[in-house]
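Given next are the chains, with one letter for each unit.
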Amino acid sequence: MKQKLVVLTGAGISAESGLQTFRDTDGLWEGYDVNEVATPQAWSKNPLLVQHFYNLRRKACLEAQPNAAHKALVELEARYDVVIITQNIDNLHERAGSSRVVHLHGIITKAQSSADPYLIYDIEGWELKMGAKCEKGSQLRPHIVWFGEPVPMIETAADLASRAHIFMVIGTSLAVYPAASLIHYVSHTSEKIIIDPKIPPVQGLTNLEVVAEKAGTGVPKVVKQLLSR
Ligand code: OAD
């Protein structure tokens, strides 16, 4: 039976595809106030600004291409039972060819009804416009988990983390909960590998290897090691 390998990714894995991270010095939250664009209150107050912010993100995501890190993770499937848990709203893991991707914070290519979060639709092109409505007549909003909203996939993710033989963390500051808590669900006997040029502060972890490198070089290196075992 294949070993279970669970990967938690963050904005850093898509940085070399040209997508901005959030908290680095040139990150998105330097240019935007998170409260003005990524909360339910922002949507109530200024839906046009929120739509515009996510339309720009969608455009950038559609123009971006998977990089060496996204592609290397696909190779692991030959040898391991791989699931990727991503905080990213881009679809670069899927476009690289990964078969199991759990989106903790939603996905930019889909819209949801502002009245019923379970009514979800694909968005054609990069622009979601005001006036686009769900079948019940409510305005469509981006299918994104905003700050202050529940994270419906967290239980699935925690269960996956608790059963992982190997848990990799790539390109995340581990600043946002509950995603940041997932590494603590991993068994103390399981292997943990963190790949990030700036290793996030984590305490009390056993069996931890850190690779202080960019994803584009660090991930292919680690994947090669894992495949050669
Ligand atoms: P952050 O912007 O907080 O962290 C990005 C991480 O990527 C940092 O640890 C960087 O050191 C690292 N990094 C930068 N360049 C890299 C590279 N080339 N290769 C590897 N790592 C690199 O982004 P996240 O941790 O993903 O949520 O942020 C978590 C959540 O906060 C996001 O999902 C988003 C945001 O607000 C929502 O919008 C709900």
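Definitions and limits used
- Residues numbered from 1 in each chain as written.
- Predicted model: local features only at pLDDT ≥ 70, side-chain atom pairs only at ≥ 80, totals over all residues.
- Heavy atoms only, no water.
- Buried < 20%, exposed > 50% of the residue type's maximum accessible area, 1.4 Å probe, protein only.
- Helix = DSSP H or I, 4+ residues; strand = E, 2+ residues; numbered from the N terminus.
- Pairing = 2+ DSSP bridges.
- Polar contact = N/O pair within 3.5 Å; in protein donor to acceptor, adjacent residues only side chain to side chain.
- Contact = heavy atoms within 4.5 Å.
- Near = heavy atom within 4 Å.
- Nonpolar A, V, L, I, M, F, W, Y, C, P; charged D, E, K, R; others polar.
- Axes fitted to C-alpha atoms, helices over the stretch in contact; angles between N-to-C directions.
- Core = buried A, V, L, I, M, F, W, Y, C linked by side-chain atoms within 4.5 Å.
- Arc of directions from axis to C-beta.

Novice: Teacher, can you tell me more about the pairing of strand β2 (residues 81-86) here?
Specialist: Look at any regular strand and the pattern is simple: side chains alternate between the two faces of the sheet. When you tally the buried positions in β2, you get five out of six residues, the bulk of the element. One ladder, built from six bridges, connects strand β1 (residues 4-9) with β2; its direction is parallel. Counted as the bridge partner of Val7 is Ile84 from β2.

Novice: I keep staring at the side chain of Asn88 and nothing clicks. Help me out?
Specialist: Mapping Asn88 onto the fold places it in the loop between β2 and α6 (92-96). At a separation of 3.0 Å, a polar atom in the side chain of Asn88 contacts the main-chain amide nitrogen of Ala11. In this structure, Asn88 is in contact with Thr9, Gly10, Ala11, Ile13, Ser14, His103 and Gly106, ignoring residues within four places of it in sequence.

Novice: I'm lost on the site of the ligand in this one. Help?
Specialist: Looking at the ligand, there are 23 residues lining it, with Phe22, Arg23, Thr172, Ser173 and Asp196 nearest. One nitrogen or oxygen atom from the side chain of Thr172 is found 2.7 Å from an oxygen atom belonging to the ligand. Note that an oxygen atom of the ligand is positioned 2.6 Å from one of the side-chain N or O atoms of Asp196. For the shell around the ligand, the residue count by class is nine nonpolar, eight polar and six charged.

Novice: Please explain the sheet that holds β2 as it appears in this structure.
Specialist: Sheet strands pair by backbone hydrogen bonding; their relative direction is either parallel or antiparallel. Overall, parallel pairing links the six strands, which are arranged β3-β2-β1-β7-β8-β9 in an open sheet. Every other strand in the sheet has two partners, leaving β3 (101-103) and β9 (208-211) as the edge strands with one partner each. The sheet shows a mean angle of 15° between the axes of neighbouring strands, taken without regard to direction. Relative to β3, β2 runs parallel, the two being bridged by three bridges. By the bridge assignment, Ile85 is partnered in β3 with Val102.

Novice: What am I meant to see in the nonpolar core here?
Specialist: Grouped burial of nonpolar side chains is what soluble globular proteins tend to show. The biggest cluster of nonpolar side chains holds 24 residues, and the ones touching the most others in it are Ile85, Leu104, Phe167 and Leu182. Breaking this core down by element, the ones donating at least two residues are β1, β2, α7 (154-162) and β7 (166-170). Examining the composition of this core, we find that five residues originate from one element, α7, more than from any other. Setting aside chain neighbours within four positions, we find Leu104 in contact with Ile85, Thr86, Gln87, Val145, Val151, Met153, Ile154, Ala157, Ala179 and Leu182.

Novice: Before we go on, may I ask you to explain helix α5 (residues 68-75) in this structure?
Specialist: Along an α-helix, residues three or four positions apart point the same way, because every turn accommodates 3.6 residues. Inspection of α5 places Ala69, His70, Ala72 and Leu73 among the buried residues, and these make up the whole buried set. Along α5, the residues classed as buried sweep out an arc of 165° about the axis, all on the same side. Those residues of α5 hidden inside the fold are in contact with β1, β2, α6, β7 and α8 (215-227). Its side-chain oxygen placed 2.7 Å from the backbone nitrogen of Ala69, Asn67 serves as the N-cap of α5.

Novice: Mind showing me how you'd approach the environment of Lys221 here?
Specialist: Locating Lys221 in the fold gives a position in helix α8. For the pair Lys221 and Leu49, spaced 172 residues apart in sequence, the C-alpha to C-alpha distance is 41 Å. Within the structure, the side chain of Lys221 is placed 2.7 Å from the side chain of Glu213, a separation counted as a polar contact.

Novice: Even after reading the chapter, I still don't get the sheet that holds strand β5 (residues 120-122), so can you show me in this structure?
Specialist: The strand order β5-β4-β6 describes an open sheet built from three strands, whose pairing is antiparallel. One side of each edge strand has no neighbouring strand; the edge strands of this open sheet are β5 and β6 (140-144). Between one strand and the next, the sheet's axes are offset by a mean angle of 45°, whatever the strand orientation. Pairing of strand β4 (residues 106-113) with β6, which is carried by four bridges, proceeds in the antiparallel orientation. When the sheet's bridge partners are listed, Ala111 is paired in β6 with Pro142.

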